[in-house]
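Below are the chains, spelled out letter by letter.
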Amino acid sequence: MEHYDYLVVGAGLFGATFAHEAVNAGKTVLVLEKRNHVAGNIYTEKVEDIDVHRYGAHIFHTSDKTVWDYVNALTEFNHFVNSPVANYHGEMYNMPFNMNTFSKMFGVSTPAEAKAVIAKERAEITGEPQNLEEQAISLVGRTVYTKLVKGYTEKQWGRDCKDLPAFIIKRLPVRYTYDNNYFNDKYQGIPEEGYTKLVEKLLDGCDVRLNVNFLDDRDTWLSMADRCVYTGPIDEFYGYRLGKLEYRSLRFETEVLDEENHQGVAVVNYTDRETPYTRIIEHKHFNFGTQPKTVVTREYPTEWEEGMEPYYPVNNESNGELYRKYAALAENEGILFGGRLAQYKYFDMDDTVAAALELAKREL
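Quick notes on the rules
- Residues numbered from 1 in each chain as written.
- Predicted model: local features only at pLDDT ≥ 70, side-chain atom pairs only at ≥ 80, totals over all residues.
- Heavy atoms only, no water.
- Helix = DSSP H or I, 4+ residues; strand = E, 2+ residues; numbered from the N terminus.
- Rg over C-alpha atoms; globule rule 2.2 N^0.38 Å.
- Buried < 20%, exposed > 50% of the residue type's maximum accessible area, 1.4 Å probe, protein only.
- Contact = heavy atoms within 4.5 Å.
- Areas by Shrake-Rupley, 256 points an atom, 1.4 Å probe, with all protein chains shown as cover.
- Axes fitted to C-alpha atoms, helices over the stretch in contact; angles between N-to-C directions.
- Parallel < 35°, antiparallel > 145°, perpendicular 65-115°, else oblique.
- Left-handed = near helix turned anticlockwise from the far one by under 90°.
- Nonpolar A, V, L, I, M, F, W, Y, C, P; charged D, E, K, R; others polar.
- Salt bridge = Lys/Arg side-chain N within 4 Å of Asp/Glu carboxyl O.
- Pairing = 2+ DSSP bridges.
- Patch = residues over 30% accessible without salt bridge, like charges linked within 9 Å, V, L, I, M, F, W, Y side chains within 5 Å.
- Lys, Arg positive; Asp, Glu negative; His and termini not counted.
- Charge placed at Lys NZ, Arg CZ, Asp CG, Glu CD.
- Expected span 1.5 Å × (residues − 1).
- Bend = angle between axes of the 7 residues up to and from the residue.
- Right-handed = clockwise from strand over helix to strand, strands pointing away.

A. Examining the overall build of the protein chain more closely. Looking only at helices and strands, the protein chain has eleven helices and 16 strands in total. Expected size for 364 residues packed as a compact globule is a radius of gyration near 21 Å; at 22 Å, the protein chain falls within 12% of this value. Summarising its shape, the C-alpha atoms of the protein chain cover approximately 70 × 50 × 35 Å along the three principal directions. The proportion of buried residues among the 364 residues of the protein chain is 54%. Intrachain contacts of the protein chain at a sequence separation of at least 6 include 72% that bridge at least 24 residues. In the form shown here, the protein chain has an accessible surface area of approximately 16,700 Å², with 45% of it arising from carbon and sulfur atoms.

Dropping the structure here:
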């Protein structure tokens, strides 16, 4: 049985980035992936010659030039700019909240007018906000909250905004300029060949085994390498012995439509409570496609249960305390835990790459 310097559990972006650095340092690497494909949740596949983001929209954005140069050295990125639109009962508003939003919503045309309207509405909250609803109104006023925050947030978390803690929304992006670019980061784009190709290039030089659940035979796999990087759920690693961390999950409905352009933009958020899905993604717009057909995906948030894919950590006090207990166990494990699931933290893609590079720098 071959022996490796490193065993990497999980072929997502964190694991693949670390594996790439290890191979470049002259190390031998075995990568295990329980799915039937690499790239984790950023996996893309061709449907009707369109790169479909199988697990939801992923737009790479960063202000870290080192990270941007790193991924661009592997594959060409396009110049896609994320400018989603919100649909509230058929009323269409630009996101993030900016002068285009306020002009349509309030009938104003200048930043001063918009600020005056929002300041007046914010004043209804006095004292420290006690829940997410009060926190949101204190930031953007009741009208914006009602039309663009409330329904979407309640669907996302499966709870009434009055029952969610205020700290979930520390800030809401408000711009008093006519600018629909969702992100403030300096660099932004999507791999022209898709994210799967990016991860495949990161894994070049590694031995990769798909459809393998490391936890089914961990002792055997651990015996095959000197060191292990684990990127799966930290509570599952310990058999949930201290309890299960909470996540929100997503269900996707994807279909091919016999039309060239369904919604005119990559992402439309449905911000009313009655529409069961949170958004519709039209994948061809990520790469400025002109194919005769189109592929759309509806996203339905749902409570996570064992066996489902965990997407968003539920960052409340009880989960934070439970994670810290698991992290304390991990310190004595001799295994390197990293990534969104192992660290119970929502990472953007640039954060994931940066964290993996930092671990590689310390380890290699």
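There is more to say after this.
B. A look at unusual backbone geometry. Cis peptide bonds are those with omega within 30 degrees of zero, and the linkage from methionine 95 to proline 96 qualifies with -5°. Take proline 96: it is sitting in the loop between strand S7 (91-94) and helix H3 (99-106). For glutamate 48, which is not a glycine, the phi torsion comes out positive at approximately 55°. Take glutamate 48: it is sitting in the loop between strand S3 (44-47) and strand S4 (50-53). Among the residues examined, glutamate 48 registers a relative accessible area of 40% and is labelled partly exposed.

C. Spatial organisation of the packing of H3 against helix H4 (residues 111-122). Their axes nearest at 10 Å, the elements H3 and H4 cross at an angle of 70°. Classified by the angle between their axes, H3 and H4 sit roughly perpendicular to one another. In this structure, the crossing between H3 and H4 has a hand that is left-handed. Residue-level contacts link Met99, Phe102 and Phe106 of H3 to Pro111, Ala114, Val117, Ile118 and Glu121 of H4. The class makeup of the residues in the contact of H3 with H4 is seven nonpolar, no polar and one charged.

D. Summary view of the pattern of salt bridges. Applying the stated rule across the entire model yields 22 salt bridges. Across the pair aspartate 179 and arginine 175 runs a salt bridge, and its minimum N-O distance is 3.8 Å.

E. The arrangement of the sheet that holds strand S14 (residues 294-303) in detail. Strands sit in the order S7-S6-S12-S13-S14-S11-S15 across an open sheet of seven strands; the sheet is mixed. The open sheet is flanked by S7 and strand S15 (312-313), the only strands paired with a single partner. As judged from the ten bridges shared by strand S11 (residues 247-257) and S14, these two strands associate in the antiparallel manner. In the sheet register, serine 249 faces S14, and the bridge partner there is threonine 302.

F. A look at a negative patch on the surface. On the surface, a cluster of negative charge is contributed by Glu48, Asp49, Asp258 and Glu259. Within the secondary structure, aspartate 258 is located in the loop between S11 and strand S12 (267-270).

G. Up close: the side chain of histidine 61. Summarising the element assignment, histidine 61 is placed in strand S5 (residues 60-62). For histidine 61, a relative accessible area of 9% corresponds to the buried category. Leave out the neighbours within four places in its chain, and histidine 61 touches Phe183, Asp185, Tyr187, Gln188, Asp348 and Asp350.

H. Summary view of the sheet that holds strand S10 (residues 225-230). Strand order in the open sheet formed by five strands is S9-S2-S1-S10-S16, with parallel pairing between adjacent strands. The open sheet has two edge strands with one neighbour each: strand S9 (207-209) and strand S16 (336-337). Direction of pairing for strand S1 (residues 4-9) relative to strand S2 (residues 29-32): parallel, over a ladder of four bridges. Across the sheet, leucine 7 pairs through a bridge with leucine 30, a residue of S2. Sitting on the sheet, helix H1 (residues 13-24) touches S1, S2 and S10, and the angle it makes with S1 is about 165°.

I. Region of interest: helix H6 (residues 142-157). Its 16 residues give H6 an end-to-end C-alpha distance of only 20 Å, which falls more than 12% under 22 Å, the value for a rise of 1.5 Å per residue. The largest bend in H6 is about 45°, located at valine 149. Of all 16 residues in H6, twelve are buried; the element is thus mostly enclosed. Among the residues making up H6, those that are buried are Val144, Tyr145, Lys147, Leu148, Val149, Gly151, Tyr152, Thr153, Glu154, Lys155, Gln156 and Trp157. Residue glycine 158 follows H6 closely and has a positive phi angle near 70°.

J. Expanded view of the packing of helix H2 (residues 65-72) against helix H11 (residues 349-363). At a minimum axis separation of 10 Å, H2 and H11 run at an interaxial angle of 90°. The orientation of H2 with respect to H11, classified from their angle, is roughly perpendicular. Contact with H2, carried on its side by Val67, Tyr70 and Val71, involves Asp350, Val353, Ala354 and Leu357 of H11 and no other residues of that element. A class-by-class count of the residues in the contact of H2 with H11 yields six nonpolar, no polar and one charged.

K. Local environment of the pairing of S2. In S2, alternate side chains face the same way, and those of Val29 and Val31 on one face and Leu30 and Leu32 on the other are all buried. Handedness of the crossover joining S1 and S2 through H1: right-handed. Both S2 and S9 contribute to a ladder of three bridges, which runs parallel. The partner of leucine 32 across the bridge, within S9, is arginine 209.

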